[in-house]
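Next come the chains, spelled out residue by residue.
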Amino acid sequence: MTTLKFYGDESIPLEMHKVRIVQKLRLPPVEYRLEAMTAAGNNTFLLQNADVFMDMLTDSGVNAMSDQQVAAMMIADDSYAGSATYTRLEAKLREIFGMYFILPTHQGRACENILAQVLVSPGTVVPMNYHFTTTKAHITLNGGRIEELVADEGLEVISVHPFKGNMDIGKLRAVIEDNGPTQVAFVRMEAGTNLIGGQPFSLQNLADVSQVCREHGILLVMDASLLADNLYFIKEREEDCKDLSIREITRQMADLCDVIYFSARKLGCVRGGAMCMRSEELYRKMRGLVPLFEGFLTYGGMSVREIEALTVGLEETMDMDMINQGPIFIAYMVEELEKRGIPVITPAGGLGCHLNALQFLDHLPQSEYPAGALASALYIASGVRGMERGTLSEQREPDGTEVFANMELLRLALPRRVFTLSQIKYAIDRIQWLWDNRRLVGGLRFIEEPEILRFFFGLLEPTTDWQQQLVAKFRQDFGDSL
Ligand SMILES: *Cc1c(COP(=O)(O)O)cnc(C)c1O
């Protein structure tokens, strides 16, 4: 595949699909948005989707399916055991990853539950490039602990490093030496590293990690939930992989791993998950947990329709024109914001665009939740719903002390193939307005703070009447516009 070029200066992110089914959106007026935000306790998780114009909360389970996927759902073979639909999924996973033993699950965290129950025991350690929330929880629940070994550049907000998800090999060797290889439950590499901004690792880095694992007889597990984005970045940014097809890169990655698991809410654009492995012994240990927690071995808690669509979705993941859409649109959005001097995480990754709230609202102390305040302000200004990834998403110490996050981010996810270029331009326009009026944005404080998962259920209020002032400025600048 050659890159698409344009006659003019502007590089246009081009949709390589057409829209054949539409969902009507509603953009309620700014006064209504303020009311809705107040009713939701300034927590975007608690907004009604009907009040949201662009839902950029997450990419989980909300990616657009293809016509082929929807068509495949109609031929699903509905049976409890031995369904032909499942056989097709199994065959596709074997073909793509070259691993023979497959276990289906209802979603990604269910794979993590099984992995942790079988491989993690008290006192063991799981080195990883970076944690994901549910992964860490399952490992600690089983008495293990994690070691985050992402290379230093992974935590730099502004960077030009092409592979910020890489693991530091020196640190990996040190952790193995300090703990002894038998205490290492497994090593985990997360493709398209979610919590640091959808950043990829390189094929070379995976090969280096794999080499260390093999030297010490340690299992290498890949979380492939965000594999599609990582594949795109390897193909685009890794010199040695330029001439490889997506299918070849996928197989080379798989050949370096012992276990691959994924959330099909992201990979394959359906709702479900699966685990693939080489070892029959490991498969036999894990197999018994599937009927216990998921469902029978030939559906694992997924509906047969989702399984049928997943088989097609996996095949479509091997197509550059299908997987480039997310990263190309995200890159456009990040570059446009950067041009306007608006602080974003760079380089653009997968998953979405991340606004740096610490800099955007540098007049607010972290104790007033700048990323949460930015999420609230952006919804009021635009009807765009993002997700706070900062101090609100942390938990207090047992004595009540606030734990301030390393980064205060507002994540604006781009579910794959859902938004058009004009919608992205609208979001950029409103973010720019908010940037120009950022001094009007004030802080938030809790009115109801649950002890666990406060970012999901917590209710907050503005510390001053800044939201009324923001709405008044909006009216002044936009007249009777929505
Ligand atoms: C979403 C996600 C998971 C969990 O998957 P669910 O299907 O939501 O349970 C695990 N790992 C990564 C990297 C993810 O992005």
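Residues numbered from 1 in each chain as written. Predicted model: local features only at pLDDT ≥ 70, side-chain atom pairs only at ≥ 80, totals over all residues. Heavy atoms only, no water.

**Student:** Lay out the domain arrangement of the protein chain with the relevant residues and their values.
**Tutor:** By a widely used convention, the size of an interface equals the accessible area lost when the partners come together. Structurally, the protein chain comprises domain 1 (2–59 + 322–478) and domain 2 (68–321). The gap between the C-alpha centroids of domain 1 and domain 2 is 28 Å. On the side of domain 2, 30 residues touch domain 1, which itself brings 23 residues to the contact. Both faces combined, the contact of domain 1 with domain 2 buries some 2300 Å², and carbon together with sulfur accounts for 56% of it. Joining domain 1 to domain 2, the criterion identifies one salt bridge. Across the pair arginine 416 and aspartate 229 runs a salt bridge whose closest N-O atoms are separated by 3.0 Å. Counting every contact that joins domain 1 to domain 2 gives 14 residue pairs in polar contact (both at pLDDT 80 or more). Of all the secondary-structure elements, those providing two or more residues to the side of domain 1 that touches domain 2 are helix 13 (320–323), helix 14 (325–339) and strand 9 (352–356). Counting residues per element, the side of domain 1 that touches domain 2 draws most heavily on helix 14, which supplies three residues. Among the residues making up the side of domain 1 that touches domain 2, the classes are represented as 11 nonpolar, seven polar and five charged. (Domains from an automatic or database assignment. Contact = heavy atoms within 4.5 Å. Buried area = accessible area lost by both parts, 1.4 Å probe. Salt bridge = Lys/Arg side-chain N within 4 Å of Asp/Glu carboxyl O. Polar contact = N/O pair within 3.5 Å; in protein donor to acceptor, adjacent residues only side chain to side chain. Helix = DSSP H or I, 4+ residues; strand = E, 2+ residues; numbered from the N terminus. Nonpolar A, V, L, I, M, F, W, Y, C, P; charged D, E, K, R; others polar.)

**Student:** Tell me about the packing of helix 3 (residues 84–97) against helix 9 (residues 246–255), and please be specific about residues and values.
**Tutor:** In the contact formed by helix 3 and helix 9, the axes pass within 8 Å of each other and the chain directions differ by 85 degrees. As the angle between them shows, helix 3 and helix 9 are arranged roughly perpendicular. Contact with helix 3, carried on its side by Arg94, Glu95, Ile96 and Phe97, involves Arg247, Thr250, Arg251 and Ala254 of helix 9 and no other residues of that element. Partitioning the contact of helix 3 with helix 9 into residue classes produces three nonpolar, one polar and four charged. (Axes fitted to C-alpha atoms, helices over the stretch in contact; angles between N-to-C directions. Parallel < 35°, antiparallel > 145°, perpendicular 65-115°, else oblique.)

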